[in-house]
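Architecture and fold: a report
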Amino acid sequence: ILSVSLNMCIHSIQEVEPSSSLLKFIDPDFFYDIISSPEVDTCSMSCHISKIVASFCRFHQGELDEETFEKLTDRRFIPLIDKESAMDLLDLEVSITSQNNKLSLHNL
């Protein structure tokens, strides 16, 4: 079932709106599997993918660590970034990095 769901998501990624509540319910690893699939044409859909990556990261901001954020925003998957998404992703990076730094300091 998971494999079928993954294939359906891969083949309909261009139909996913950045505001879609579906992005709230997808696991970060599953989302990574979608955007990193060789079947996704990241060059032609780069701006769209950057929008849904930014939305996904916003929805999951509290559960993303730096490593996962970097995986999702890898330039292999989004070589061109939509302007607004770029600003959102920069804000999210600062927030996720500072959140993880606070957790590290707290554990000292």
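This structure is a prediction, so every number in the text was calculated from the model and none was measured.

Focus on the environment of Leu2
Checked against the element boundaries, Leu2 lands in helix H1 (residues 2–11). Considered as a pair, Leu2 and Phe30 are 28 residues apart in the sequence and their alpha carbons are 9.2 Å apart.

Focus: the nonpolar core
Among the nonpolar cores identified, the biggest contains 27 residues, and Ile13, Phe31, Ile35, Ile49, Val53 and Leu72 are the most heavily contacted of them. Among the elements that line this core, the one with the most residues is helix H4 (residues 46–59), at six residues. In this structure Val53 touches Phe31, Ile35, Leu72, Thr73 and Leu89, once residues within four positions along its chain are discounted.

Re the packing of aromatic side chains
The full count for this structure, using the stated rule, is two aromatic pairs. Centre to centre, the rings of Phe31 and Phe56 are 4.1 Å apart; their planes meet at 10°, and the pair counts as stacked. Separated by 25 residues along the polypeptide, Phe31 in helix H3 (residues 28–35) and Phe56 in helix H4 bring together distant segments of the chain. No difference in accessibility class separates Phe31 from Phe56, as the two residues are buried. Seen from their ring centres, Tyr32 and Phe77 are 5.6 Å apart, and the 85° between their planes marks the pair as edge-to-face. One end of the pair, Tyr32, is in helix H3; the other, Phe77, is in the loop between helix H5 (66–72) and helix H6 (83–106), and 45 residues separate them in sequence. The ring of Tyr32 carries Lys71 above its face, with NZ or CZ at 4.5 Å from the centroid.

With respect to H4
Counted at 1.5 Å a residue, the expected span for H4 with its 14 residues is 20 Å, and the 20 Å between its end C-alpha atoms agrees. Among the 14 residues that make up H4, 10 are buried, leaving the element largely enclosed by the rest of the structure.

Notes on a negative patch on the surface
Taken together, Asp27, Asp29, Asp33 and Glu63 make up a surface patch of like negative charges. Of note, Glu63 is situated in the loop between H4 and H5.

Side note on the packing of H3 against H4
Taken N-terminus to C-terminus, the directions of H3 and H4 make an angle of 175°; their axes are 12 Å apart at the nearest point. Of the possible angle classes, the one that applies to H3 and H4 is roughly antiparallel. Residues Pro28, Phe31 and Ile35 of H3 lie in contact with H4, whose contacting residues are Ile49, Ile52, Val53 and Phe56. Of the residues belonging to the contact of H3 with H4, the class tally is seven nonpolar, no polar and no charged.

What counts as what
Residues numbered from 1 in each chain as written. Predicted model: local features only at pLDDT ≥ 70, side-chain atom pairs only at ≥ 80, totals over all residues. Heavy atoms only, no water. Helix = DSSP H or I, 4+ residues; strand = E, 2+ residues; numbered from the N terminus. Core = buried A, V, L, I, M, F, W, Y, C linked by side-chain atoms within 4.5 Å. Buried < 20%, exposed > 50% of the residue type's maximum accessible area, 1.4 Å probe, protein only. Contact = heavy atoms within 4.5 Å. Phe/Tyr/Trp six-rings, centres within 6.5 Å; stacked < 30°, edge-to-face > 60°. Lys NZ or Arg CZ within 6 Å of the ring centre and 35° of its normal. Expected span 1.5 Å × (residues − 1). Patch = residues over 30% accessible without salt bridge, like charges linked within 9 Å, V, L, I, M, F, W, Y side chains within 5 Å. Areas by Shrake-Rupley, 256 points an atom, 1.4 Å probe, with all protein chains shown as cover. Salt bridge = Lys/Arg side-chain N within 4 Å of Asp/Glu carboxyl O. Lys, Arg positive; Asp, Glu negative; His and termini not counted. Charge placed at Lys NZ, Arg CZ, Asp CG, Glu CD. Axes fitted to C-alpha atoms, helices over the stretch in contact; angles between N-to-C directions. Parallel < 35°, antiparallel > 145°, perpendicular 65-115°, else oblique. Nonpolar A, V, L, I, M, F, W, Y, C, P; charged D, E, K, R; others polar.

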